[in-house]
Amino acid sequence: MNRIIKNYMPSFVITFTIAVLYSCVINLAEGSLYLSIRYVLELMVFLAAVQFVEWGLEQMDFRNYRRYLITEILLVYGLLLSFAYFGKWISFRPGPVLQLTLVFAAAMALVHCYFRRVSRIYADQINSILGERKDTEC
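Given the structure is predicted, the values throughout are model-derived calculations rather than measurements. The written sequence of each chain sets the order in which its residues are numbered from 1. In view of the model being predicted, local features appear only for residues whose pLDDT reaches at least 70, and side-chain atom pairs are presented and counted only at 80 or more, with totals across whole chains, interfaces and linings using the full set of residues. In computing side-chain values, all of the structure's heavy atoms are included and hydrogens and water are not.

### Considering the overall build of the chain
Defined as follows: Helix and strand assignments follow DSSP, with helices taken as H or I runs no shorter than four residues and strands as E runs no shorter than two, numbered in order from the N terminus. Atoms counted for the radius of gyration: C-alpha only. Globule rule: 2.2 Å times the number of residues to the power 0.38. Partly exposed describes any residue whose relative accessible area lies between the buried limit of under 20% and the exposed limit of over 50%, with all areas from a 1.4 Å probe on protein chains only and scaled to the type maximum. Throughout, a residue-residue contact means that at least one pair of heavy atoms, one from each residue, lies within 4.5 Å. Here the accessible surface of atoms and residues is derived via Shrake-Rupley with a 1.4 Å probe, and residues count as covered only by protein chains that are part of the display. All tallies of charge rest on Lys and Arg as positive and Asp and Glu as negative; His and the ends of each chain are not included. Taken as the charge centre is NZ of Lys, CZ of Arg, CG of Asp or CD of Glu, depending on the residue.
Within the chain, the regular secondary structure consists of four helices and zero strands. In terms of overall size, the chain is more extended than a compact globule, its C-alpha atoms giving a radius of gyration of 19 Å where 138 residues would be expected to give roughly 14 Å. Based on the C-alpha atoms only, the size of the chain along its principal axes is roughly 70 × 30 × 25 Å. Looking at the chain residue by residue over its 138 residues, the buried ones come to 26%. Taking contacts inside the chain between residues at least 6 apart in sequence as the whole, the part at least 24 apart equals 65%. Summed over its atoms, the accessible surface of the chain is roughly 10,000 Å², and 67% of this surface lies on carbon and sulfur atoms. For the chain, the centre of its 13 positive side-chain charges and the centre of its 10 negative side-chain charges are spaced 6 Å apart.

Rendered as structure tokens:
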């Protein structure tokens, strides 16, 4: 349960927020004040599927982080394109696909930066606790 709260929930919330804000901006730019509840539900299912992919990737043994990252990007991007196509989120022309790709890249970068920062904070906390323990033992 702790892993769900620390890993999966922040990822879900960050990407959901980015996607909904992006959709609202695009809709407003096109003159629409409407955001489809169907799209929001499909987005939630997509993000749940992404979390399932993340969980599956965590079960695999990668030789280094780069291989993990490349595999994650390819799987999640393929999943995104599938949902976008079958859910008719965008028209599959170069412009909309490029926009979707850029938003995907920004969301992935933001999520990875968030987790890198959180990991660094946890590592610093652990190191300070170990440092305090070492000082008291001497």
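### Some details on the packing of aromatic side chains
Note the cut-off: Any pair of Phe, Tyr and Trp rings, taking the six-membered ring for Trp, is counted once the centres come within 6.5 Å. Such a pair is stacked with planes under 30 degrees apart, edge-to-face with planes over 60 apart, and tilted for the rest.
Under the definition given, this model contains twelve aromatic pairs. Here Phe83 and Trp89 contribute two aromatic rings whose centre-to-centre distance is 6.1 Å and whose plane-to-plane angle is 40 degrees, an arrangement assigned as tilted. Grouping aromatic residues by their ring pairs yields a cluster made of Tyr39, Phe46, Phe83 and Trp89.

### Observations concerning helix H3 (residues 65–86)
Side chains three or four residues apart in an α-helix point the same way, a direct result of the helix having 3.6 residues per turn. Spelled out, the test is: Each helix should span, by expectation, one fewer than its residue count multiplied by 1.5 Å. Taken from the helix axis, the directions to the C-beta atoms give the arc we talk about. Polar contact is defined as a pair of N or O atoms within 3.5 Å, subject to the rule that within protein one atom must be able to donate a hydrogen and the other to accept it, and that residues adjacent in sequence are counted only when both atoms are side-chain atoms.
Over its 22 residues, H3 extends 31 Å from the first C-alpha to the last, a length consistent with the 32 Å expected when each residue adds 1.5 Å. Every buried residue of H3 is accounted for by Tyr68, Glu72, Val76, Leu79, Leu80 and Ala84. Down the axis, H3 shows its buried residues gathered within 130 degrees of arc, on one side only. In H3, those exposed residues whose orientation departs by more than 90 degrees from the buried face are Arg66, Leu74, Tyr85 and Phe86. Looking at where H3 begins, the residue whose side-chain oxygen comes 3.2 Å from the main-chain nitrogen of Arg66 is Asn64. Immediately downstream of H3, the backbone of Lys88 shows phi near 55 degrees, a positive value.

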